[in-house]
Amino acid sequence: MASQNQLASIKGAKVLMVGAGGIGCELLKTLALSGFQDIHIIDMDTIEVSNLNRQFLFRKSHVGQSKAKVARDAVLRFRPHISITPYHANVKDPDFNVDFFKQFNVVLNGLDNLDARRHVNRLSLAAEVPLVESGTTGFLGQVTVHVKGRTECYECQPKPAPKTYPVCTITSTPSKFVHCIVWAKDLLFTKLFGDKNQENDLNVRSTDATSSSEHVEDVFERRKDEDIEQYGRRIYDHVFGYNIEEALSNEETWKNRNRPKPIYSRDFLHDEIAQQNGNVDNAASDPSSVSAMASLGMKNPQDIWCLKENSRIFMEAFKLFFMKREKEIGNLTFDKDDQLAVEFVTAAANIRASSFGIPLHSLFEAKGIAGNIVHAVATTNAIIAGLIVIEAIKVLQNDTNNYRMTYCLEHPTRKMLLMPVEPFEANKSCYVCSESPLTLEINTHRAKLRDFVEKIVKAKLGMYFPLIMHGAALLYEVGDDLDEAMVANYAANLEKVLSELPSPFTSGTTVTVEDLKQELTCNINIKHREEFDEEKEPDGMLLSGWTQASSVEKDDNKSNGNGGSTSNASQAVPVEAEDNVEMDVPSGKKRRLSEISGQDLLSFTDETKNHGKLEVVDDDDDLVMLDGDPGLNKRKRMQ
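As recorded in an unreviewed UniProt entry, the protein chain goes by the name SUMO-activating enzyme subunit, listed as coming from Castanea mollissima. Note on the protein chain: under the UniProt heading Pathway (unreviewed entry), the record states "Protein modification; protein sumoylation." Quoted verbatim from the Sequence similarities (unreviewed entry) field of the UniProt record, the comment on the protein chain reads "Belongs to the ubiquitin-activating E1 family."

Right, dumping it as structure tokens:
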């Protein structure tokens, strides 16, 4: 039962919720039932059918409507006298600036992506408003408290990039089904239905063409007077047949590997043309409901299709895209909620898997891999929502000594399913809350300012409205109030190499990068470097200085750590990881920074070896799953 002081702080609080999904629905309900009177919700998403199994404020009739607005209406039906203000918008919109955040007593996060989390963290720091972070995936969950000057911020511990595989593995020597999914989703689907100018190894040159030929046919271009059936079969034969034949011609590659087998449409589709053409004509008129499975009378997404069935789905989905969704072709990107896209990618991945002797998977399984889905558990969301409210009440009462970061486990660890941890101190090397300078190794004679902006400022530092200064010289700025001359000048600077800028970058230069919307400033020390390892440092630059907190020490048991590059370079394709990290936790003990790493969420794992190296998010739910962090095996042992 809440005390009078607690009730007073609850009723007088103005709360900002960011996210109205799996956690958000449970959180809004719990806040309302706990007595909170003034709640604001931001969510840019609309309700989808796939949300209904765990987001209990929504019904089928709400599909397509704003999550924030429907959640508000649902809660007001049983708490009509409280104030709930919904915003169907992106939290990164300019309206939600530091001044907007300052009006709240606490911010509660239930987001589904890293960029938005970082943005909210920075606005909360700038506004000096406490932030309660949260996440769930399956049976695992976390709630963390971040208060400026008292605890670490959300970004004090670097978030490792998703595990990556070199493109050559994806395109030439797949050994796991996930390799086939990435090939089908990021290469084939994009080449056919997305940006046709994407360069990749799908379009192998014909054997009579030399590398210097300027007239090599692009097999992905539809020929004049070629019907969809012929076009689809030609693509099928090229990627599953001819490309495999070409790969087999390199005998060295297959000395220690199983040789793949080419697959051609004539072997599986010879009697399907007439039957399928009739089905396409009867397909649903609503583009969003078009389905190859429905067209072919296949109903169960958990069935594992044979090679012939996968070939039929492939061709049917291919034709449906061109006959029912032709206007979208050229601009499509893979979406796990796009039924036709999932069907096409599943079929293509299975055909390729069959070629390489990899076990086939059902559409249900393939969708989970392609969308990085760890299926949600509603009970976990409810537990985490309750813990968020508990921490929010502590924050409102300034009960600093009792703040806890709590981890929800799938199986008891030392007889505990909820693991409380005292908040960690701020990382002194964190460039966000401690304003420590970073160091960038870069070839200043080759790299352009555009490379610096895209690969470092935006991709690594998460600044999307940056201002870049060298001394008193303003080299680049983004904003709506710039005149044409300034825009032209900054655009010209983007194309200049760093050493040729009006105020050149040289070794020893200190560059200031600022995001006025986040009220964040970062200093970067430039260090010129001639050469980089193309495999380990594909960006041609290396950012350092943002490291784990230094108060941990090495354990004798060495781990593999992060391993991969932290970039999203074109030489590597991010995929779902499979490694797992385990950790012993003493029963009943609370730990400080000096005793445990700050990224231990998935370290409290179970014997079943679930995913231990994923960087982000559930399907559209709410967890940052923390990677196999070097700090896990560097922490001090418990006494």
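What follows picks up the thread again.
Participant: Explain the overall build of the protein chain to me, using residue names and the numbers behind them.
Facilitator: The number of helices and strands found in the protein chain is 16 helices and 16 strands. Residue burial in the protein chain is summarised as follows: out of 639 residues, 52% are buried.

Participant: Requested: an account of empty space enclosed by the protein, with residues and values cited.
Facilitator: For the structure on display, the rule yields four cavities of 30 Å³ or more. The volume enclosed by the second largest cavity comes to roughly 60 Å³. N121, S124, L125, V129, L131, H146, V147, K148 and C153 are the residues that line the second largest cavity. A per-class count over the lining of the second largest cavity returns five nonpolar, three polar and one charged.

Participant: I'd like a description of unusual backbone geometry, backed by residues and values.
Facilitator: Non-glycine residue D225 carries a positive phi angle of around 65°. Along the polypeptide, D225 turns up in the loop between α7 (177-193) and α8 (228-248). If you check the backbone angles, R414 has positive phi at about 50° while not being a glycine. Within the secondary structure layout, R414 lies in the loop between β8 (405-413) and β9 (416-421).

Participant: Quick rundown of the sheet that holds strand β3 (residues 83-87)? Include the residues and the values.
Facilitator: With respect to topology, eight strands assemble into an open sheet ordered β3-β2-β1-β4-β5-β6-β8-β9, the strand pairing being mixed. This sheet does not close on itself; its edge strands, each paired only once, are β3 and β9. Strand-to-strand twist in this sheet, taken as the mean axis angle between neighbours without regard to direction, amounts to 20°. Here strand β4 (residues 106-109) pairs with strand β5 (residues 131-137) via two bridges, running parallel.

Participant: Tell me about the UniProt feature "active site" (unreviewed entry) in the protein chain, and please be specific about residues and values.
Facilitator: Feature annotation in UniProt assigns "active site" (unreviewed entry) to the following positions: C168. Within the fold, C168 resides in helix α6 (residues 167-171).

Participant: Pulling in residues and values, what's your account of the environment of A74?
Facilitator: Among the secondary structure elements, A74 is positioned in helix α3 (residues 67-76). A74 sits in the buried class, given a relative accessible area of 7%. For the pair formed by A74 and K29, sequence separation is 45 residues and the distance between their alpha carbons is 9.1 Å.

Participant: Tell me about the environment of S175, and please be specific about residues and values.
Facilitator: With respect to the helices and strands, the residue S175 is situated in the loop between α6 and α7. S175 gets classed as exposed once you look at its relative accessible area, which sits at 51%. On a C-alpha basis, the gap between S175 and I358 in space is 6.8 Å, while along the polypeptide they are 183 residues apart.

The rules behind each value
Residues numbered from 1 in each chain as written. Predicted model: local features only at pLDDT ≥ 70, side-chain atom pairs only at ≥ 80, totals over all residues. Heavy atoms only, no water. UniProt positions renumbered as here; feature names shortened; annotations may be inferred. Helix = DSSP H or I, 4+ residues; strand = E, 2+ residues; numbered from the N terminus. Buried < 20%, exposed > 50% of the residue type's maximum accessible area, 1.4 Å probe, protein only. 1 Å grid on protein atoms, 1.4 Å probe; cavity = no way out; pocket = protein on both sides within 12 Å on 5 of 7 lines; lining within 4 Å. Points joined across faces, edges and corners; volume = space filled by probe spheres on them. Nonpolar A, V, L, I, M, F, W, Y, C, P; charged D, E, K, R; others polar. Pairing = 2+ DSSP bridges. Axes fitted to C-alpha atoms, helices over the stretch in contact; angles between N-to-C directions.

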